[in-house]
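Here is how the chains run, residue by residue.
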Amino acid sequence: MTRREFLGTTIVGGASVVAGTTFIQNLASAVTTSTMKSTFPLGGDLSVNRLGFGAMRITGERIWGWPPDRENAKKVLRRAVDLGVNLIDTADAYGPETSELLIAEALHPYPKGLVIATKGGLTRPGPGEWVPNCRPEYLSQCVDKSLKRLKLERIDVYQLHTVDRKVPIEESLGALKAAQDAGKIRHVGLSNVTVQEIEQAKKVLPIVSIQNRYNIEDRESEEVLSYCEKEKMGFLPWAPVGGSGRGSMTKSGNPLESEGKRHNVTAVQLALAWLLQKSPVMLPIPGTANITHLEQNMAAAKLQLSPEEMRAIEAAAARG
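The following paragraphs examine the structure supplied in this document.

Rules of the game
- Each chain has its residues counted from 1, running along the sequence as written.
- At least 70 in pLDDT is required for a residue's local features to be given in this predicted model, at least 80 for side-chain atom pairs to be given and counted, and no such filter applies to totals for whole chains, interfaces and linings, which use all residues.
- Values shown for side chains rest on all heavy atoms present in the structure; no hydrogens or waters enter the calculation.
- At least two bridges found by DSSP between two strands is the condition for calling them paired.
- Segments assigned H or I by DSSP are reported as helices when at least four residues long, segments assigned E as strands when at least two residues long, and all are numbered from the N terminus.
- We call two residues in contact when some of their heavy atoms are within 4.5 Å.
- Whenever a helix is involved, its axis is fitted only over the stretch in contact; in every case the axis is a line through C-alpha atoms, and angles between N-to-C directions fall within 0 to 180 degrees.
- Crossing handedness is defined as follows: a turn of the near helix away from the far one that is anticlockwise and smaller than a right angle gives a left-handed crossing, while the clockwise case is right-handed.
- Classes in brief: Ala, Val, Leu, Ile, Met, Phe, Trp, Tyr, Cys and Pro nonpolar; Asp, Glu, Lys and Arg charged; the others, Gly included, polar.
- Take the residue count of a helix, subtract one, and multiply by 1.5 Å to get its expected span.
- For every residue, the accessible area (1.4 Å probe, protein chains only) is compared with the maximum for its type, and the residue is labelled buried under 20%, exposed over 50%, or partly exposed between those bounds.
- Each pair of aromatic rings taken from Phe, Tyr and Trp, with Trp reduced to its six-membered ring, is defined by centres within 6.5 Å and is described as stacked if the planes are under 30 degrees apart, edge-to-face if over 60, and tilted in the remaining cases.
- Definition of a polar contact: a pair of N or O atoms within 3.5 Å, with one able to donate and the other able to accept a hydrogen when the atoms are protein atoms, and with sequence-neighbouring residues admitted only if both atoms are side-chain atoms.

## Topic: the sheet that holds strand β6 (residues 87-89)
- A sheet is described by the order of its strands in space; here seven strands give the open sequence β5-β6-β7-β10-β11-β12-β13, paired in parallel fashion. The open sheet has two edge strands with one neighbour each: β5 (53-54) and β13 (234-235).
- By the bridge criterion, five bridges tie strand β10 (residues 155-160) to strand β11 (residues 185-191) in an arrangement that is parallel. Paired with Leu160 across the strands is Leu190, a residue of β11.
- Contacts from helix α5 (residues 136-150) reach β7 (115-120), β10 and β11, with the element oriented near 140 degrees to β10.

Laid out in C-alpha cells, this is it:
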C-alpha cells in the first residue's frame, strides 16, 4: 500500500487533530507496508478483520443505563462498520441490555459478514457491580433474551462471561451446548479463564475464542494466549490499552507517550499495533463512544512496527 492509497482509504470522514497537525499525516509518516494477516478465521468459518470494536462504552457512565447521547452512540457503531469493523463484541451485562439494544437500533438489518459476539453469565445489581450467575437455567434465558434484543435468529459467537465458582463449568456450558444444538448459537467462547478451565470446557463442546484481560503492561494471560496460538483459537484482549489509571494509554503521562511522539502517532495506536503484531490470533476490540477516537483506533491497523520498535515499546512499558 502506498502512502497516497493509505491516506485515501484509512479515514474517509475528516482528519482528527493531534498536537496541531493532522492525525492522518502523522500516522502516514510512520506507516510501512504491513505483512500481517488482516483477517482471522474465527471458529474456522467466520472471517473477521482482526481489529474489532468493543461496545461496552457506548452505554452510560460506569457501564450503566443509556448513554447521554443515544444518537451519537449509534453513529459510532455505524462509523465502526464504515471503517471496516466486522466483529463487534458486547454483553447482556453492558447497560445492562442497552449495548445490545443500541447495536440492533443502529445496524439492523445487519450488513453481510458482520459478526456480533455477545456474552452472558454476569448480572448487574447496580452501577459498578458485577455478580456471576452461570446457572444453566439462567444462561438459557440469557441466550433467548440476547437473540431478541439483537434481532438475531442465531448468535455467531456466544461467550461465557466468567466462571461462576458456585456452578461447575461443565453445567454452565451444558446450557450453551443445548442452545447450540437448538441452532441458537453458532460458536461458543470463554472469558476470564485459565488454560485448565479451557481444557475442562472443551470436554463439553468446542471453544473458538477466549477473552481475557491483556495489554502491553498486563500480560498475566500470556499462557492462555500461547494456548490459543497452539489451538488456533481467537484471543480477544479486553482492556487492550490499559485500565483507567495512569498506566492507561489514553492518559497523559502514560508509559508509551514519548514513544508515540517519536513515531508521530498516539500511545493508543502504538498499544494496538503492538497487540496486532504480538500474535496472529490476537483480535483487539478497543471501545469508545467518540468517533474521533474510533477513527484513530482503526487507523492503528495500518501501523507496521519493526522488531526493534516492538522491543523499544515493550521496554518503555516496562519502565512505566
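Back to the text.
## Some points on the packing of α5 against helix α6 (residues 169-181)
- Taken N-terminus to C-terminus, the directions of α5 and α6 make an angle of 35 degrees; their axes are 8 Å apart at the nearest point. Taken as a pair, α5 and α6 cross one another with a handedness that is right-handed. Along its contact with α5, which presents Pro136, Leu139, Ser140 and Val143, the element α6 presents Glu171, Ser172, Ala175, Leu176 and Ala179.
- Here the residues of the contact of α5 with α6 are counted per class, giving six nonpolar, two polar and one charged.

## Digging into helix α3 (residues 70-82)
- Here α3 spans 19 Å end to end across 13 residues, near enough to the 18 Å set by a 1.5 Å rise per residue.
- For α3, the full list of buried residues reads Ala73, Lys74, Val76, Leu77, Arg79 and Ala80.
- In this structure, the buried side of α3 is in contact with β5, β6, α4 (98-107) and α11 (291-299).

## Thoughts on the packing of aromatic side chains
- Within this structure, the stated rule accounts for three aromatic pairs.
- Between Tyr94 and Trp130, the aromatic rings sit 6.3 Å apart at their centres with planes inclined by 75 degrees, giving edge-to-face as the arrangement. A residue pair is termed long-range when its members are at least 10 positions apart, and Tyr94 in the loop between β6 and α4 and Trp130 in the loop between β8 (122-123) and β9 (131-132) qualify at 36 residues.
- Take Tyr94: its relative accessible area is 7%, and that puts it in the buried class.
- Overall, the relative accessible area of 33% leaves Trp130 in the partly exposed class.

## Section: α11
- Where α11 is concerned, the buried positions are Leu294, Glu295, Gln296, Asn297, Met298 and Ala299.
- The backbone nitrogen of Thr292 lies 2.8 Å from a side-chain oxygen of the residue at the head of α11, namely Asn290.

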